[in-house]
Amino acid sequence: MVVIMRILCIEDDQELLEYVSNGLTEIGYVVDTAADGNDGLFLSTTGQYDVLLIDRMLPGIDGLTIIKTLRGAGNITPILIFSALGEVDDRVKGLRAGGDDYLVKPFAFSELLARIEALDRRNRKSADIETCLTAQGVELDLLTRKVKSNGAEVSLQATEFRLLEYLLRHKGQIVTRTMLLEYVWDYHFDPQTNVIDVHISRLRQKIDKNSDNQLIKTMRGAGYIIDDT
Amino acid sequence: MVRATSLTTLNGNKKRNYRSSSSFKVATLFAVLLAFAVIALSISIYLFYQQNEAELSQTFVLLSAISIFALLIMGVIGYLISVFVVTRINRIADTAQDIIATGDLTKRVEIDSRWDDLSFLGDVLNEMLEKIETLMAGVQHITDTVAHDLRTPLARLRNKLEKNTQNNGLVGREEYEQQASLVKDVDSLLKTFNALLSLSSLESGRQGSKFEIFDVGKVVHDAVDLYMPLAEEKNQTLTVDSKAISYSGDRDLFFQVIANLLDNAIKFTQHEGAIKITLKNSSNAKEIIIQDNGPGIPRSSVAKAFDRFYRDQEQQHIEGSGLGLSLVNAVLKLHKATITLEDNQPGLKVVVSL
């Protein structure tokens, strides 16, 4: 069953709103838009959406108030917050108000897409608890913390295990470097060098040893992906 | 605003007549007193030589008393004036030194009187500081605006480039590589602008209410975990002597500090070099020490190393924005911690004192 994702974007910057909505529509999502807080709150409370994109600063009712209102009413739709400046306080406030993820404007479209997909996936998956993640002959057992590639056991360090786990949990989606830093290492910061790439290449060496094809693929300019086949 | 009103009154009498100045009045008072004392003294000396018994006993004593009294008053007033002058001059010097040491242009000379010339000098200096502050804020504002306003079009450019790369699946491999490298270039530009903006938001103190208690040892451990593969790629040994240090601060920013310092150490130290991180937690010193045996920093460049965009002449071939250490410094300043760069003989020794 193909489920078309419905997204509501509440953003007062007309140019950005069009850009986001055109980009997402092109991919095949259904996108509703609202240019101020009042419309946004009305649409988000009356419509059914899979993901909400909400700007923090809005004319009328501001983004955080919308989020608090929705959460207060028991609405659990995943929310991605946009904010103008990457002030740490803003991020904390946004997440505390009930947002699920946070993106600093301006952002790369691939980063937005990756995060929307991750949020949607998280929402759909939360029902069943997985104990074993698999993809292309690679198995990762969350209980025994063992990894097998084509039947042969691969010994991974703790960080490599977490990295593979995150990529497998999001298989079929692009995962950006920033997402990896935020969720695997649990720090929000801008590395000066692409230190993540080195970790990925090490993981590849171990995991692809018994295999002909590459499990983790690089998406240029965007991030990494494990194909869902 | 108090400062603004004092400015307007100052502007009214910018060029002060020396006759209206308080120092002139005090000097005139002194001259009059001195004249009194001299005249009284000379009369008494004249009378002394006249040897007139009857006049001597009365007038002589009276005149001597007047002259001694005048001298006494002069002495007392002189002492008070010198105390007054010295404290005010010291106050001005202290403020100037403070500003030089901290770079904090919001500091002002304290003024508690209105009538004297030194207060007037203080007022004028404050006015000048105000002007400098406004000018500096203007420069800062321009930098911020440039960085901020260029970010959006850059991000748009990046997105279009990226889209192009994905759409033209049929174009030759070489063209794809070229476009991908363009995206990478724009990314590094964006990174520099972002670093500039977070630098100025750190320096203005806008950021940082997210202070919490965390373990510095854990943050160092995590940073080493992240950077270990980078060091191993260069066959460098990266060792940690970790201790738990409980500290109140912004955990993410602190991670950035350790990450930047480690990144630098790995980047500038040669293959097969050694990098060592030591944590000290004693009652009088909480320190993070990062030592390497790389080329170090020449003594003449140590002071400049924290400047924005500063890059060592001999290390130009190594990639970097020149903002890493500026960010480190800004974060540490926010945490009221200090950083020193020392000679590790050979190499660099970075000491962060919490």
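Residues numbered from 1 in each chain as written. Chains lettered and ligands numbered in written order. Predicted model: local features only at pLDDT ≥ 70, side-chain atom pairs only at ≥ 80, totals over all residues. Heavy atoms only, no water.

1. Details of the overall build of chain B
Moving on, step 1. Along the backbone of chain B there are eight helices and seven strands.
Moving on, step 2. Relative to its full complement of 354 residues, chain B shows a buried share of 37%.
Moving on, step 3. If you take every contact in chain B between residues at least 6 apart in sequence, the share linking residues at least 24 apart comes to 68%. (Helix = DSSP H or I, 4+ residues; strand = E, 2+ residues; numbered from the N terminus. Buried < 20%, exposed > 50% of the residue type's maximum accessible area, 1.4 Å probe, protein only. Contact = heavy atoms within 4.5 Å.)

2. Thoughts on the side chain of asparagine 260 of chain B
Moving on, step 1. Considering the arrangement of structural elements, one finds asparagine 260 of chain B in helix H7 (residues 251-268).
Moving on, step 2. The residues contacting asparagine 260 of chain B, other than those within four sequence positions of it, are Gln192 of chain A together with Gly324, Leu327 and Val328 of chain B.

3. Notes on the nonpolar core
Moving on, step 1. Within the largest apolar cluster, 93 residues are counted, with the highest numbers of intra-cluster contacts made by Leu164 and Leu180 of chain A together with Leu226, Tyr227, Leu261 and Ile288 of chain B.
Moving on, step 2. It is H7 of chain B that contributes the most residues to this core, 10 residues altogether.
Moving on, step 3. For leucine 180 of chain A, the contacting residues outside a window of four places in its chain are Leu163, Tyr166, Val175, Trp185, Ile196, Ile200 and Tyr224 of chain A.
Moving on, step 4. Ranked by size, the runner-up nonpolar core spans 20 residues in total, among them Val31, Leu53, Leu80 and Ile116 of chain A. (Core = buried A, V, L, I, M, F, W, Y, C linked by side-chain atoms within 4.5 Å.)

4. Topic: helix H6 (residues 158-169) of chain A
Residue and element names in this part refer to chain A.
Moving on, step 1. For H6, which comprises 12 residues, the first-to-last C-alpha distance of 16 Å matches the rise-based estimate of 16 Å (1.5 Å per residue) to within 8%.
Moving on, step 2. Most of H6 is tucked away, with nine of its 12 residues classed as buried.
Moving on, step 3. Turning to H6, its buried residues number three or more, namely Thr159, Glu160, Phe161, Leu163, Leu164, Glu165, Tyr166, Leu167 and Leu168. (Expected span 1.5 Å × (residues − 1).)

5. Topic: the sheet that holds strand E5 (residues 101-104) of chain A
All names here are of chain A.
Moving on, step 1. An order of E2-E1-E3-E4-E5 is seen for the five strands of this open sheet, with the pairing classed as parallel. With partners counted over all chains shown, the strands left at the sheet margins are strand E2 (30-34) and E5, one partner each. Sheet twist, expressed as the mean angle between neighbouring strand axes with direction ignored, is 20°.
Moving on, step 2. As paired strands, strand E1 (residues 6-10) and strand E3 (residues 51-55) are joined by four bridges and run parallel to one another. Looking at the pairing, leucine 8 lines up with leucine 52 of E3. (Pairing = 2+ DSSP bridges. Axes fitted to C-alpha atoms, helices over the stretch in contact; angles between N-to-C directions.)

6. Describing the packing of aromatic side chains
We describe a pair of aromatic rings using the distance from one ring centre to the other and the angle between the two ring planes.
Moving on, step 1. Going through the model one piece at a time under the given rule, you end up with eight aromatic pairs over all chains.
Moving on, step 2. Here tyrosine 187 of chain A and phenylalanine 255 of chain B contribute two aromatic rings whose centre-to-centre distance is 3.7 Å and whose plane-to-plane angle is 10°, an arrangement assigned as stacked. With tyrosine 187 of chain A in the loop between helix H7 (177-185) and helix H8 (195-207) and phenylalanine 255 of chain B in helix H7, this pair bridges two chains. Per residue, the accessibility class of tyrosine 187 of chain A equals that of phenylalanine 255 of chain B, and both read buried.
Moving on, step 3. Among the aromatic residues, those joined into a ring-pair cluster are Tyr187 and Phe189 of chain A together with Phe255 of chain B. (Phe/Tyr/Trp six-rings, centres within 6.5 Å; stacked < 30°, edge-to-face > 60°.)

7. Brief notes about the sheet that holds strand E4 (residues 274-281) of chain B
Residues and elements named next belong to chain B.
Moving on, step 1. The sheet built from five strands is open, its strands ordered E2-E4-E5-E7-E6 with mixed pairing. Edge strands, defined here as strands with exactly one partner in the open sheet, are strand E2 (237-241) and strand E6 (338-343). Averaged over all pairs of adjacent strands, the angle between strand axes in this sheet comes to 15°, irrespective of strand direction.
Moving on, step 2. Lying over the sheet, H7 contacts E2, E4, strand E5 (286-292), E6 and strand E7 (348-353), oriented at roughly 20° with respect to E5.

8. Some details on the domain arrangement of chain B
Interface size is often expressed as the accessible area that is lost when the parts come together.
Moving on, step 1. Domain assignment breaks chain B into domain 1 (2-134), domain 2 (141-203) and domain 3 (212-353).
Moving on, step 2. A separation of 54 Å is found between the C-alpha centroids of domain 1 of chain B and domain 3 of chain B. (Domains from an automatic or database assignment.)

9. Thoughts on H7 of chain A
Moving on, step 1. Of the residues making up H7 of chain A, those classed as buried are Met179, Leu180, Leu181, Glu182, Val184 and Trp185 of chain A.
Moving on, step 2. Trailing H7 of chain A by a residue or two, aspartate 186 of chain A shows a phi angle of about 65°, which is positive.

10. Let's talk about the interface of chain B and chain A
Moving on, step 1. Each partner contributes residues to the interface: chain B has 43 residues there, and chain A has 37 residues.
Moving on, step 2. Roughly 3,500 Å² of surface becomes buried between chain B and chain A when both sides are summed, with 49% attributable to carbon and sulfur atoms.
Moving on, step 3. Counting across the chain B and chain A interface gives three salt bridges.
Moving on, step 4. Put simply, aspartate 186 of chain A and arginine 251 of chain B hold a salt bridge, and the shortest N to O gap is 3.4 Å.
Moving on, step 5. Where chain B meets chain A, there are 12 residue pairs in polar contact (both at pLDDT 80 or more). (Buried area = accessible area lost by both parts, 1.4 Å probe. Salt bridge = Lys/Arg side-chain N within 4 Å of Asp/Glu carboxyl O. Polar contact = N/O pair within 3.5 Å; in protein donor to acceptor, adjacent residues only side chain to side chain.)

11. Looking at the pairing of E5 of chain B
All names here are of chain B.
Moving on, step 1. Burial runs high along E5: five of the seven residues are buried.
Moving on, step 2. Two strands pair when backbone bridges link them, and E5 and E7 are joined in this way by five bridges, in the antiparallel orientation. Looking at E7, one finds that isoleucine 288 is bridged to valine 352.

12. Let's talk about the pairing of strand E3 (residues 246-249) of chain B
Residues and elements named next belong to chain B.
Moving on, step 1. Burial along E3 is one-sided: the residues Tyr247 and Gly249 are buried and none of Ser246 and Ser248 is.
Moving on, step 2. Relative to E3, strand E1 (residues 212-215) runs antiparallel, the two being bridged by four bridges. Its bridge partner lying in E3, glutamate 212 is registered against glycine 249.

13. Observations concerning the confidence of the model for chain B
Moving on, step 1. Counting all residues, the mean pLDDT for chain B is 82, and 89% of those residues have values of 70 or more.
Moving on, step 2. In the model, residues 1-13 of chain B has pLDDT below 50 throughout and makes 11 contacts with residues more than four positions away in sequence or in other chains. (pLDDT = per-residue confidence, 0-100.)

14. Description of the domain arrangement of chain A
All names here are of chain A.
Moving on, step 1. By the assigned domains, chain A splits into domain 1 (6-125) and domain 2 (132-226).
Moving on, step 2. Averaged C-alpha coordinates put domain 1 and domain 2 at centres separated by 28 Å.
Moving on, step 3. On the domain 2 side, the residues contacting the 12 residues of domain 1 number 13 residues.
Moving on, step 4. Summed over both partners, the interface of domain 1 with domain 2 buries about 990 Å², with 44% contributed by carbon and sulfur atoms.
Moving on, step 5. Here glutamate 182 makes a salt bridge to arginine 115, at a shortest N to O gap of 3.3 Å.
Moving on, step 6. Across the domain 1-domain 2 interface, the total number found is five residue pairs in polar contact (both at pLDDT 80 or more).
Moving on, step 7. Per-element accounting of the side of domain 1 that touches domain 2 gives the leading share, nine residues, to helix H5 (residues 109-125).
Moving on, step 8. Looking at the side of domain 1 that touches domain 2, its residues break down into two nonpolar, one polar and nine charged. (Nonpolar A, V, L, I, M, F, W, Y, C, P; charged D, E, K, R; others polar.)

15. Things to note about unusual backbone geometry
Residues and elements named next belong to chain A.
Moving on, step 1. A cis amide bond, omega -10°, links lysine 105 with the succeeding residue proline 106.
Moving on, step 2. Mapped onto the fold, proline 106 is located in the loop between E5 and H5.
Moving on, step 3. One non-glycine residue with positive phi stands out, namely aspartate 186, at about 65°.
Moving on, step 4. Looking at the element boundaries, aspartate 186 is found in the loop between H7 and H8.
Moving on, step 5. Take aspartate 186: its relative accessible area is 43%, and that puts it in the partly exposed class.

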